[in-house]
Amino acid sequence: MADTVRANLPADFVLPKGDIVKVVADANSNGKAWVMSGHGTNTVITSFVVSAGATVTIGPYNLARRIHVECYAGALSYANGENINVMGITQAAYDALTVKDANTLYVITG
């Protein structure tokens, strides 16, 4: 289930260890998301600009992280852990990928 952040009404929440969150802006919205070092701290690890019409995926992290989302225009929606697809691929299938994007591709071995 997605939550909504409206302009000038920021949201803070904890992203559990190993989870992701997707922050989505429609064509008339934009904002920014910050990843903080943990519960109750203001140490910024990184930030993401959420441009109009964009979807930004944050995580996964090896520790729980505090996420702060601000909307500057319109409304942003966010949902953690939804629409995650894990599938096995062979080395040959991985090698055949034309675009190897480390921001969106996770290879789990074991």
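Right above here is the structure, for reference.
Computed from a prediction, not measured in an experiment: that's the story for all the values here. (Residues numbered from 1 in each chain as written. Predicted model: local features only at pLDDT ≥ 70, side-chain atom pairs only at ≥ 80, totals over all residues. Heavy atoms only, no water.)

Asker: Just give me the short version of the environment of Val5, but keep the residues and values in it.
Answerer: Here Val5 shows up in strand β1 (residues 3-6). As a C-alpha pair, Val5 and Gly74 span 69 residues in sequence and 8.8 Å in three-dimensional space. Dropping the residues within four chain positions of it, Val5 is found in contact with Pro10, Ala11, Val69, Cys71, Gly74, Ala75, Leu76 and Tyr78. (Helix = DSSP H or I, 4+ residues; strand = E, 2+ residues; numbered from the N terminus. Contact = heavy atoms within 4.5 Å.)

Asker: Which residues make up the sheet that holds strand β2 (residues 11-15), and what values do they have?
Answerer: Pairing is antiparallel across the open sheet formed by 4 strands, whose spatial order is β2-β7-β4-β5. Strands with a single pairing partner mark the edges of an open sheet, and in this sheet they are β2 and β5 (44-50). Ignoring which end each strand starts from, the neighbouring axes of this sheet average 20° apart. The pairing of strand β4 (residues 30-36) with strand β7 (residues 65-73) spans 7 bridges and is classified as antiparallel. Paired with Met36 across the two strands is Arg66, which belongs to β7. (Pairing = 2+ DSSP bridges. Axes fitted to C-alpha atoms, helices over the stretch in contact; angles between N-to-C directions.)

Asker: So, the nonpolar core: which residues are in play, and what are the values?
Answerer: Counting residues in hydrophobic clusters, the biggest one holds 17 residues, and the most contacted among them are Val23, Ile58, Ile67, Val69, Leu76 and Tyr78. Counting residues per element, the ones that place at least two in this core are β2, β3 (21-25), β4, β6 (55-58), β7 and β8 (75-80). With near-sequence residues (within four places) excluded, Val23 lies in contact with Val50, Ala54, Thr55, Val56, Ile58, Val69, Leu76, Ser77 and Tyr78. (Core = buried A, V, L, I, M, F, W, Y, C linked by side-chain atoms within 4.5 Å. Buried < 20%, exposed > 50% of the residue type's maximum accessible area, 1.4 Å probe, protein only.)

Asker: If you had to explain the sheet that holds β1 to someone new, which residues and values would you point to?
Answerer: Strand order in the open sheet formed by 4 strands is β1-β8-β3-β6, with antiparallel pairing between adjacent strands. Of all strands in the sheet, those bounded by a partner on one side alone are β1 and β6. For this sheet, the mean inter-axis angle between neighbouring strands, taken without regard to orientation, is 20°.

Asker: Any chance you could break down the packing of aromatic side chains for me, citing the residues and the numbers?
Answerer: Counted by the stated rule, this structure contains 1 aromatic pair. Each ring, one from Phe13 and one from Tyr78, has its centre 4.6 Å from the other, and the planes form 5°; the classification is stacked. Here the residue Phe13 occupies a position in strand β2, and Tyr78 occupies one in strand β8, the gap between them amounting to 65 residues. Judged on exposure class, the residue Phe13 and its partner Tyr78 are both buried. (Phe/Tyr/Trp six-rings, centres within 6.5 Å; stacked < 30°, edge-to-face > 60°.)

Asker: Help me get a handle on the environment of Thr57, residues and values and all.
Answerer: Within the element layout of this structure, Thr57 appears in strand β6. Exposure remark for Thr57: the relative accessible area of 29% places this residue in the partly exposed category. In the structure, Thr57 is positioned 21 residues away from Tyr78 in sequence and 9.6 Å away in space, judged by C-alpha atoms. What Thr57 contacts, discounting residues up to four positions off in sequence, is Ile20, Val21, Lys22 and Phe48.

Asker: Quick rundown of the side chain of Ser29? Include the residues and the values.
Answerer: Structurally, Ser29 is set in the loop between β3 and β4. On the accessibility criterion, Ser29 (1% relative accessible area) is buried. Reaching out from Ser29, the side chain makes a polar contact with the side chain of Asp26 at a distance of 2.7 Å. Beyond its immediate sequence surroundings of up to four residues, Ser29 is in contact with Ser51, Ala52, Gly53, Ala73, Gly74, Ala75 and Leu76. (Polar contact = N/O pair within 3.5 Å; in protein donor to acceptor, adjacent residues only side chain to side chain.)

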